[in-house]
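Chain residues, written in single-letter form:
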Amino acid sequence: MTEPLGRRERKKAATRQKIADTALRLFLEQGYDAVGIREIAAAADVAVTTLFSHFAAKEALIFEQDEDFEHRLAQAVADRAPHEPLIPALRREIHAMVRHCASDGGAPIWRMIDESPDLRAYEESMRLRHAESLAAAIIADPELPQSETACRTIARFVVDAHSLAREAADPDAAVDEIFQMIEAAWEVADRAVASR
């Protein structure tokens, strides 16, 4: 059970959300490259130092849910029911994330990301970090005795499934198709463990 946030934490979270919402509005209105950090800080009515205390870089303003995404993947591993297979738990989580990103409100944001080399590079580094975090969660699970290489490989496949599916004409069908391949790869890793 999570502890309720105190007043200070609620205020920090509200400031962070205000900055992110302001930045996104400005980016969508004017274009990502046309908006500077000072302009965002002024529009959000915060100091530039306050903005940087919440977001390490301009690119991070677009991916303000980054930590939540990373946490949700690790939690999908840790919070699954006892003896529940790994891959269906990850499939459910990726389905939910892709539906969120593929919603009508998400399309302009992803279009902006796709058009910006800086944002694409940031997204790529973020995906690698998410894959390493997910791999660590899989490796740490005593019910999953696969090799580190197998765990890291599956983690990369899962994180990439999100990107591939959100770009597909039918994101839900794409998640299912991709996860059929991930399931097959995981079964190969299981057989390798069983034959040792």
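The rules behind each value
- Residues numbered from 1 in each chain as written.
- Predicted model: local features only at pLDDT ≥ 70, side-chain atom pairs only at ≥ 80, totals over all residues.
- Heavy atoms only, no water.
- Helix = DSSP H or I, 4+ residues; strand = E, 2+ residues; numbered from the N terminus.
- Buried < 20%, exposed > 50% of the residue type's maximum accessible area, 1.4 Å probe, protein only.
- Contact = heavy atoms within 4.5 Å.
- Lys, Arg positive; Asp, Glu negative; His and termini not counted.
- Charge placed at Lys NZ, Arg CZ, Asp CG, Glu CD.
- pLDDT = per-residue confidence, 0-100.
- Axes fitted to C-alpha atoms, helices over the stretch in contact; angles between N-to-C directions.
- Parallel < 35°, antiparallel > 145°, perpendicular 65-115°, else oblique.
- Left-handed = near helix turned anticlockwise from the far one by under 90°.
- Nonpolar A, V, L, I, M, F, W, Y, C, P; charged D, E, K, R; others polar.

S.K.: Hey, could you go over the overall build of the protein for me, with residue numbers and the actual values?
M.R.: Helix and strand content of the protein: 9 helices and 0 strands. What you see in the protein, going N to C, is helices and strands ordered as α-α-α-α-α-α-α-α-α. Taken over the C-alpha atoms alone, the protein extends approximately 60 × 40 × 25 Å along its principal axes. Burial statistics for the protein: of 196 residues in total, 41% are counted as buried. Taking contacts inside the protein between residues at least 6 apart in sequence as the whole, the part at least 24 apart equals 69%. Mean positive and mean negative side-chain charge positions of the protein (24 and 35 charges, respectively) differ by 5 Å.

S.K.: Can you break down the confidence of the model for the protein residue by residue, with the values?
M.R.: Detailed reading of predicted coordinates is not advised where the pLDDT is low. This prediction gives the protein a mean pLDDT of 89; 96% of its residues lie at or above 70. The lowest-confidence element of the protein is helix H6 (residues 107–115), averaging 86 in pLDDT; the highest-confidence one is helix H2 (residues 37–44), averaging 96.

S.K.: Can you break down the packing of helix H4 (residues 66–78) against helix H5 (residues 86–101) residue by residue, with the values?
M.R.: Where H4 meets H5, the closest approach of the two axes is 8 Å, and the angle between their N-to-C directions is 155°. As the angle between them shows, H4 and H5 are arranged roughly antiparallel. The handedness of the crossing between H4 and H5 is right-handed. Counting all contacts with H4, which are made through Phe69, Arg72, Leu73, Ala76 and Val77, the residues of H5 involved are Leu86, Ala89, Leu90, Glu93, Ile94, Ala96 and Met97.

S.K.: Could you give an account of the packing of helix H1 (residues 7–30) against H6, with specific residues and numbers?
M.R.: Between two packed helices, what matters for the description is the angle formed by their axes and the separation of those axes. Interhelical geometry of H1 versus H6 gives an angle of 70° and a closest axis separation of 11 Å. The angle between H1 and H6 falls in the class roughly perpendicular. Each of Leu24, Phe27 and Leu28 in H1 lies in contact with H6, whose residues at this interface are Pro108, Ile109 and Met112. When grouped by side-chain class, the residues that make up the contact of H1 with H6 number 6 nonpolar, no polar and no charged.

S.K.: So what about the environment of Ala184? Which residues, and what values?
M.R.: By the element assignment, Ala184 lies in helix H9 (residues 171–194). Judged by its relative accessible area of 38%, Ala184 falls in the partly exposed class. Separated by 97 residues in the primary sequence, Ala184 and Ile87 have C-alpha atoms spaced 9.9 Å apart.

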